[in-house]
Amino acid sequence: MTVFSSKPTLTGDLVALRPVTEDDVPALLPLFEDAEVARLTGSHTHFDEPALRRWYGSRGATDDRLDLAVVERATGRVIGEAVLNEWDPGNESCAFRIAFVPDAVGRGLGTEATRLIVGHAFGALGLHRVWLEVYAFNPRARRAYEKAGFRPEGVLRDALLWEGERVDATVMSVLAPEWSGQAAGPSGPAPSSAAG
């Protein structure tokens, strides 16, 4: 039993995060088919639907990471994913990533989803550090991460080669004492959580 064995549902005002399943693949396909999403996430890999079904169908059985579907509460539509991965139990740390289908960007949904899953990492899982990387050509994401409490730590120079251009990545993190110092997160009261 590890901290990632339990697959929770986290509920906010705009979005709910719940365990992702194979049935979510049709809704998530635009995420993997959009050229701009691929660029912003630095993904060189093309994923076909059968491979995605196998991957998402196996997420419930993993105990070393947490993959959650982001559901827009107003519509009930799956609009993206939020993930805690690269777990380092000895140092109480993990990485975070989030990605949305193209038409769900720019409405504050990602900010709330980030606060929900990072709040879960600190409040329920007892982690000390959550970190991420953001590419230099994605200032919008960097601003969103800063708004959620992440701070820049350093630059990975030329970390990505994208269509002949070498792009830096900024490592950002937030620590548990910083998070708790934000009075249960930047959005106010702690989100509700239920075991899934």
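This report concerns the structure included in the present document. Just so it is clear, the structure is predicted and the values come from calculations on it, not from any experiment. (Residues numbered from 1 in each chain as written. Predicted model: local features only at pLDDT ≥ 70, side-chain atom pairs only at ≥ 80, totals over all residues. Heavy atoms only, no water.)

With that out of the way, let us pick up the pattern of salt bridges. Applying the stated rule across the entire model yields 12 salt bridges. The residue Arg18 makes a salt bridge to Asp24 at a minimum N-O spacing of 2.7 Å. For Arg142, the salt bridge goes to Glu146, with nearest N and O atoms at 3.1 Å. Placement of both Arg142 and Glu146 in helix H5 (residues 139–147) is noted, with a separation of four residues, approximately one turn of the helix. A single salt-bridge network, built from bridges that share partners, covers Glu22, Glu49 and Arg53. (Salt bridge = Lys/Arg side-chain N within 4 Å of Asp/Glu carboxyl O. Helix = DSSP H or I, 4+ residues; strand = E, 2+ residues; numbered from the N terminus.)

Let's shift gears to the environment of Phe47. By the element assignment, Phe47 lies in the loop between helix H2 (35–41) and helix H3 (49–57). In this structure the C-alpha to C-alpha distance between Phe47 and Phe32, which are 15 residues apart in sequence, comes to 6.7 Å. What Phe47 contacts, discounting residues up to four positions off in sequence, is Phe32 and Leu52. (Contact = heavy atoms within 4.5 Å.)

This next bit is on the packing of aromatic side chains. In this structure the tally under the stated criterion is eight aromatic pairs. Aromatic side chains Phe96 and Tyr145 sit 6.4 Å apart centroid to centroid with 85° between the ring planes, which places their arrangement in the edge-to-face category. Of the two residues, Phe96 sits in strand E5 (residues 93–100) while Tyr145 sits in helix H5, which places them 49 residues apart along the sequence. The class for Phe96 is buried, based on a relative accessible area of 4%. Measuring from centroid to centroid gives 6.1 Å for Phe96 and Phe150, while their planes differ by 20°, and the two rings are stacked. Here Phe96 is found in strand E5, whereas its partner Phe150 is found in the loop between H5 and strand E7 (151–162), with 54 residues between them in sequence. Each member of the aromatic cluster is reached from another via a ring pair, and the members are Phe32, Phe47 and Tyr56. The lysine or arginine in question, Arg39, covers the ring of Phe137, its NZ or CZ lying 4.4 Å from the ring centre. (Phe/Tyr/Trp six-rings, centres within 6.5 Å; stacked < 30°, edge-to-face > 60°. Buried < 20%, exposed > 50% of the residue type's maximum accessible area, 1.4 Å probe, protein only. Lys NZ or Arg CZ within 6 Å of the ring centre and 35° of its normal.)

Notably, Glu86 is not glycine yet its phi reads approximately 50°, a positive angle. Judged by its relative accessible area of 53%, Glu86 is exposed. In this structure, Asp158 takes a positive phi of about 50° despite not being glycine. By the element assignment, Asp158 lies in strand E7. Taking relative accessible area as the criterion, Asp158 reaches 43% and is therefore assigned partly exposed.

This part is about helix H1 (residues 25–33). For H1, the complete set of buried residues consists of Val25, Leu28, Leu29 and Leu31. Along the long axis of H1, the arc covered by the buried residues comes to 160°, so they all point the same way. Residues of H1 that are buried sit in contact with H2, H3, strand E4 (77–88) and E5. (Arc of directions from axis to C-beta.)

So, about the side chain of Glu81. Tracing the chain through its elements places Glu81 in strand E4. For Glu81, a relative accessible area of 4% corresponds to the buried category. Here Arg97 takes part through its side chain, which lies 2.7 Å from a polar atom of the side chain of Glu81. If we ignore the near neighbours within four places in the chain, the residues touching Glu81 are Leu28, Leu31, Tyr56, Leu68, Val70, Arg97, Ile98 and Ala99. (Polar contact = N/O pair within 3.5 Å; in protein donor to acceptor, adjacent residues only side chain to side chain.)

Counting 47 residues, the largest nonpolar core has Leu17, Leu84, Phe96, Val130, Tyr145 and Phe150 as the members making the most contacts within it. At seven residues, the largest contribution of residues to this core is made by helix H4 (residues 109–123). Here Phe96 is in contact with Ala82, Val83, Leu84, Asn85, Thr114, Ile117, Val130, Trp131, Leu132, Tyr145 and Phe150, once residues within four sequence places are set aside. Counting six residues, the second-largest nonpolar core is a separate cluster that includes Tyr135, Phe137, Leu160 and Ala169. (Core = buried A, V, L, I, M, F, W, Y, C linked by side-chain atoms within 4.5 Å.)

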